[in-house]
Amino acid sequence: MVTRRDFFVGGGAALAAYAAGSFMPLGAQSAPNFGAPSVVQVGFRKQKIGDIEVIALNDGVTRRPLAAEFVRNAPLGEVQELLKSQNLPTDYLDVPYTAFLVVSGNRKVLMDTGFSDNGGPTTGRLLTNLNAAGYKAEDIDTVILSHFHGDHILGVRNKAGQLVYPNAKVMVPSVEHGFWMDDARMAAAPDAMKGAFQTVRRMLGGLNDSQLVKFEAGAEIVPGIKSVAAYGHTPGHTLFMVESKGEKFAYRADITNVPQLFARNPDWAVQFDMNAEEARVARRKVFDMIVADKVMAGGFHFPFPAFGRVEKLGNGFEFKPVA
């Protein structure tokens, strides 16, 4: 259980900003202007997994200053050296957002939703890329949420409060839902966290029992998609394994933020991990499994096309995107 102290240790206001969808720590509001990030021009990629098609759908990217608190347990200089060794900027980070659509027969299942029109000017591109891939919002019959941070759930409803995927039921991890929808926990949370709880209610409140379905970790949510507990980033953070004809695709959601940092150093803790030690253990366990089983993988914050393989690299791992 995440206590009041865990909220402060986990970054307090910065975590709240992340969960609510603003992604700008309060101390960075007067930071230098590093310009706008480049948005991918072709924002979808299709990949066959047996008889199932998985489509990466980019929702955009944000650029944030690299602050000392971004990696909670490593000196800023060490973080910058790792970025420099990969020919990446050392004063800011570009963080992409990519959801995944699973097309299996007549089923069309969207894993996480991005921002819709609730984010900044370089986000909210998922629907455009969905259309470019040959589908409409009305085609989606199921939305599965990995956890309730803002960048994953703000696409459930648009700014006007309308459901973005009107024909879809929304499936959520029961542990995650129980945490964020607990009124007593919201009342006891620090003021900086209350906005995150309110965002969850704005997105998921008002859904009836046929529209909102809770599932337990380990369950097969829909045929061919199994849920995998990976708690730590949030109390109910959940991954999804897609399988068809012996082939597998692992959607890793936020078990790894920027892979150039947290795959290479899986013991590092991003400031948004609500329980850093649980997240670290889950991260290593999942990476070891993906490497051992040679599973195709994708992550919400992985560089587009966000599909790729994972290989061991020293004491950590390396993500290699598909060509």
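Please refer to the structure higher up on the page.
Chemist: So, the overall build of the protein: which residues are in play, and what are the values?
Modeler: Summing up its helical and strand segments, the protein has ten helices and 14 strands in all. Here the protein has a C-alpha radius of gyration of 18 Å; the compact-globule value for 323 residues is 20 Å, and the two agree. Taken over the C-alpha atoms alone, the protein extends approximately 50 × 45 × 35 Å along its principal axes. Burial statistics for the protein: of 323 residues in total, 56% are counted as buried. Looking at the protein as shown, the accessible area adds up to about 13100 Å², and 51% of this sits on carbon and sulfur atoms. Of the side chains in the protein, 34 bear a positive and 33 a negative charge, and the two mean positions are spaced by 2 Å.

Chemist: Describe unusual backbone geometry, naming the residues involved and giving the relevant values.
Modeler: The peptide bond linking Phe 304 to Pro 305 adopts the cis configuration, its omega dihedral lying at 20°. Turning to its location among the elements, Pro 305 is positioned in the loop between strand E12 (296-298) and strand E13 (307-313). For Asp 112, which is not glycine, the phi torsion reads 70° and is therefore positive. According to the relative accessible area criterion, Asp 112 is buried, its value standing at 0%. The phi dihedral of Lys 245 falls on the positive side, at around 50°, and the residue is not glycine. Mapped onto the elements of the fold, Lys 245 is located in the loop between strand E10 (238-244) and strand E11 (247-251). Look at Lys 245 and you get exposed, because its relative accessible area is 67%.

Chemist: How would you sum up the sheet that holds strand E9 (residues 225-229)? Please name residues and give values.
Modeler: The strand order across the open sheet built from seven strands is E8-E9-E10-E11-E12-E13-E14, with neighbouring strands paired in mixed fashion. This sheet does not close on itself; its edge strands, each paired only once, are strand E8 (220-222) and strand E14 (316-321). Averaged over all adjacent pairs, the angle separating strand axes in this sheet is 35°, with direction ignored. Pairing of E8 with E9, which is carried by two bridges, proceeds in the antiparallel orientation. Note that in E9 the partner of Val 222 across the bridge is Ile 225. Helix-sheet contacts for helix H10 (residues 276-293) involve E10, E11, E12, E13 and E14, and the interaxial angle to E13 is about 105°.

Chemist: For the nonpolar core, give the residues involved together with the corresponding values.
Modeler: Core analysis: the largest hydrophobic core is formed by 93 residues, its most contacted members being Phe 70, Tyr 165, Phe 249 and Leu 261. Setting aside chain neighbours within four positions, we find Leu 261 in contact with Phe 70, Val 71, Val 79, Leu 82, Leu 83, Leu 93 and Trp 268.

Chemist: Explain the packing of aromatic side chains to me, using residue names and the numbers behind them.
Modeler: If you walk through the whole model with that rule in mind, you get 16 aromatic pairs. Taken together, a centroid distance of 6.3 Å and an interplanar angle of 15° make the contact between Phe 240 and Tyr 251 stacked. Here Tyr 251 lies in strand E11 and Phe 240 lies in strand E10, a separation of eleven residues in the sequence. Among the residues examined, Tyr 251 registers a relative accessible area of 0% and is labelled buried. Between Lys 312 and the ring centre of Phe 317, over which it is positioned, the NZ or CZ distance is 4.6 Å.

Chemist: Describe the pattern of salt bridges, with residues and values.
Modeler: If the charged atoms of two oppositely charged side chains come close together, the side chains can form a pair. Applying the stated criterion to the full structure yields 13 salt bridges. Across the pair Asp 267 and Arg 280 runs a salt bridge, and its minimum N-O distance is 3.0 Å. Taken together, the positions of Asp 267 in the loop between helix H9 (259-262) and H10 and Arg 280 in helix H10 put the pair 13 residues apart, joining distant regions of the chain. On the basis of relative accessibility, which here comes to 28%, the residue Asp 267 falls in the partly exposed class. Residue classification places Arg 280 among the partly exposed residues on the basis of a relative accessible area of 24%. Of the charged contacts, one joins Arg 280 and Glu 277 as a salt bridge, the two residues approaching to 2.9 Å between their closest N and O atoms. Here Arg 280 and its partner Glu 277 are both found in helix H10, three residues apart, which amounts to about one turn of the helix.

Calculation criteria
- Residues numbered from 1 in each chain as written.
- Predicted model: local features only at pLDDT ≥ 70, side-chain atom pairs only at ≥ 80, totals over all residues.
- Heavy atoms only, no water.
- Helix = DSSP H or I, 4+ residues; strand = E, 2+ residues; numbered from the N terminus.
- Rg over C-alpha atoms; globule rule 2.2 N^0.38 Å.
- Buried < 20%, exposed > 50% of the residue type's maximum accessible area, 1.4 Å probe, protein only.
- Areas by Shrake-Rupley, 256 points an atom, 1.4 Å probe, with all protein chains shown as cover.
- Lys, Arg positive; Asp, Glu negative; His and termini not counted.
- Charge placed at Lys NZ, Arg CZ, Asp CG, Glu CD.
- Pairing = 2+ DSSP bridges.
- Axes fitted to C-alpha atoms, helices over the stretch in contact; angles between N-to-C directions.
- Contact = heavy atoms within 4.5 Å.
- Core = buried A, V, L, I, M, F, W, Y, C linked by side-chain atoms within 4.5 Å.
- Phe/Tyr/Trp six-rings, centres within 6.5 Å; stacked < 30°, edge-to-face > 60°.
- Lys NZ or Arg CZ within 6 Å of the ring centre and 35° of its normal.
- Salt bridge = Lys/Arg side-chain N within 4 Å of Asp/Glu carboxyl O.

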